Amino acid sequence: MNKDYNQLLEQLRAGEITELSIEASEFLEFQSIFHAYEYRKRIKGQAMRGGQIIYRMVEN
């Protein structure tokens, strides 16, 4: 099952979800979409053990 990363990023930006978890196996597919995302500078990723990354909105 492929995730709709654009939709998930929009949900994160809108506050519908508080964080977006990306597994190491998803990273390459997600990364290209994330770099093209208009509001990416307002989102911060935190690397976890095992290669998982948790993305959250940056507080102003």
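Described below are features of the structure shown in this document.

Thresholds applied
- Residues numbered from 1 in each chain as written.
- Predicted model: local features only at pLDDT ≥ 70, side-chain atom pairs only at ≥ 80, totals over all residues.
- Heavy atoms only, no water.
- Salt bridge = Lys/Arg side-chain N within 4 Å of Asp/Glu carboxyl O.
- Helix = DSSP H or I, 4+ residues; strand = E, 2+ residues; numbered from the N terminus.
- Buried < 20%, exposed > 50% of the residue type's maximum accessible area, 1.4 Å probe, protein only.
- Arc of directions from axis to C-beta.
- Contact = heavy atoms within 4.5 Å.
- Polar contact = N/O pair within 3.5 Å; in protein donor to acceptor, adjacent residues only side chain to side chain.

1. Some words on the pattern of salt bridges
Argument step 1. Taken as a whole and judged by the stated rule, the model has 3 salt bridges.
Argument step 2. For Glu10, the salt bridge is made with Arg13, and the minimal N-O distance between the two is 3.0 Å. Residue Glu10 and its partner Arg13 are located together in helix 1 (residues 5–14), separated by 3 residues, close to a single helical turn.
Argument step 3. Overall, Glu10 belongs to the partly exposed group, its relative accessible area being 34%.
Argument step 4. Taking the relative accessible area as the measure of exposure, Arg13 reaches 31% and is therefore partly exposed.
Argument step 5. One salt bridge connects Glu19 with Arg56, and the closest N-O pair in it is separated by 3.0 Å. On the criterion of sequence distance, the pair formed by Glu19 in the loop between helix 1 and strand 1 (20–22) and Arg56 in strand 3 (residues 53–57) is long-range, its members being 37 residues apart.

2. Here's the deal with helix 1
Argument step 1. Those residues of helix 1 not exposed but buried are Tyr5, Leu8, Leu9, Gln11 and Leu12. Across the axial projection of helix 1, the buried residues extend over an arc of 160 degrees, all falling on one side.
Argument step 2. Contacts made by the buried residues of helix 1 are with strand 1, helix 2 (27–36), strand 2 (43–47) and strand 3.
Argument step 3. Where helix 1 begins, the capping side chain belongs to Asp4, and its oxygen is found 3.3 Å from the backbone nitrogen of Asn6.
Argument step 4. Two residues or fewer past helix 1, Gly15 is found with a positive phi of approximately 85 degrees.

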